[in-house]
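Residues per chain are reported as follows:
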Amino acid sequence: MRAVFTALPAKQSLQAQYLKALGEWPDLDQPKTFNERVQALKLAPRNPLLPLLADKVRVKDWVAERVGRDVVIPTLWSGKVLPAQVPCAAPFVVKANHSSGWNAFIRTYDDATWQQLRVTSKTWLENDWYPFLHEWWYNEIDRLLLIEPMIGENLNDYKFFCFNGQVRAVQVDAGRFTDHRRSFYDRDWQQMPFSLAHDQIEGEMPAPRHLARMIELVEELSSGFAFARIDFYDLEAGPMFGEITFAPGAGLERFSPSSADRMMGDWWAESEQRLSSSRPGDLSIAV
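Rules and cut-offs
- Residues numbered from 1 in each chain as written.
- Predicted model: local features only at pLDDT ≥ 70, side-chain atom pairs only at ≥ 80, totals over all residues.
- Heavy atoms only, no water.
- Axes fitted to C-alpha atoms, helices over the stretch in contact; angles between N-to-C directions.
- Helix = DSSP H or I, 4+ residues; strand = E, 2+ residues; numbered from the N terminus.
- Parallel < 35°, antiparallel > 145°, perpendicular 65-115°, else oblique.
- Left-handed = near helix turned anticlockwise from the far one by under 90°.
- Contact = heavy atoms within 4.5 Å.
- Nonpolar A, V, L, I, M, F, W, Y, C, P; charged D, E, K, R; others polar.
- Salt bridge = Lys/Arg side-chain N within 4 Å of Asp/Glu carboxyl O.
- Buried < 20%, exposed > 50% of the residue type's maximum accessible area, 1.4 Å probe, protein only.
- Phe/Tyr/Trp six-rings, centres within 6.5 Å; stacked < 30°, edge-to-face > 60°.
- Lys NZ or Arg CZ within 6 Å of the ring centre and 35° of its normal.

Caption draft 1: Structural context of the packing of helix H2 (residues 10-22) against helix H3 (residues 34-43). The interhelical angle for the contact between H2 and H3, taken along N-to-C directions, is 160°, at an axis separation of 10 Å. Compared by their axis directions, H2 and H3 come out roughly antiparallel. For the element pair H2 and H3, the recorded crossing hand is right-handed. Residue-level contacts link Ala10, Lys11, Leu14, Tyr18 and Leu22 of H2 to Asn35, Glu36, Gln39, Lys42 and Leu43 of H3. When its residues are assigned to classes, the contact of H2 with H3 shows five nonpolar, two polar and three charged.

Caption draft 2: Quick look at the pattern of salt bridges. Tallied over the entire structure, the rule returns 25 salt bridges. The closest approach of N and O atoms between aspartate 61 and arginine 69, which form a salt bridge, is 2.9 Å. Note on aspartate 61: relative accessible area 41%, which makes it partly exposed. Between aspartate 231 and arginine 229 there is a salt bridge; the shortest N-O distance is 2.7 Å. When salt bridges that share partners are traced, they join Lys56, Asp157, Lys159, Arg229, Asp231 and Glu243 into one network.

Caption draft 3: Region of the structure containing the packing of aromatic side chains. The full count for this structure, using the stated rule, is 25 aromatic pairs. For the ring pair phenylalanine 184 and phenylalanine 194, a centre distance of 4.8 Å and an interplane angle of 35° mean the geometry is tilted. Remark: phenylalanine 194 occurs in the loop between strand S7 (181-185) and strand S8 (195-196) and phenylalanine 184 occurs in strand S7; sequence separation between them is ten residues. The two residues phenylalanine 184 and phenylalanine 194 agree in class, both being buried. Site record: aromatic cluster; members linked through ring pairs are Phe34, Phe161, Phe163, Phe184, Phe194, Phe227, Phe255, Trp267 and Trp268. Here arginine 2 stacks its cationic end above the ring of tyrosine 130, 5.0 Å away from the centre of that ring.

Caption draft 4: Region of interest: the side chain of glutamine 15. The residue glutamine 15 is located in helix H2 in this model. Looking at glutamine 15, the relative accessible area reads 9%, which means it is buried.

Here you go:
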């Protein structure tokens, strides 16, 4: 199916993938739901900011300029080929800067494992990020490997759904490597009555320690974007930036009930309208 999706023209490919994943034919000319809007974004005139903000190396400077270097995980090393000898002390994480999930966690040093990772990471840079998904911005990034310190184990990743500088929902994932569950909360940390692709987390999920500060940070970073999902970790010392995403789940994950998909689509439309009225004729960053 991936070969078929890759061979089709972009619009027809996305429509077919949407039908397969969600059981509906999407309206990409007049998108209404959140998932339809994600697909429409992939087909929209290309915003040159997207490759910068999706780049796991370059985005750090962009974030630091706007909200300060203290929330940015430092890059210990970056380059095209991992060196023959480990360049820093474990534990650390090796990542490709143009992808999601192409990474390796090094908790203790083992030379055989390191040499195998040198081979594996080379393939990361040789491969496009799934072109059939048409998230074109990932494949316009100058590909690099990077190493970051490991900032914790089994950390919650708080994913803020922002619409022109306003947090409307916060996604929290738990048990990602065992029994993956996911819940949504509003900015006041009241659980929202819907799920996305996974069952809701059982029991009460306490608010992160630095919720107010994270909201302040993501609203500053997302100002001017009709939609952006901005991820942070909540460390004891304070919030730490994760990434910026414009196409969560590639726009192919199912909301339950489906009314939540339309609700988020409405938030996106309202955000676009506010941007349009505040910047007549300029929607250069209204993604």
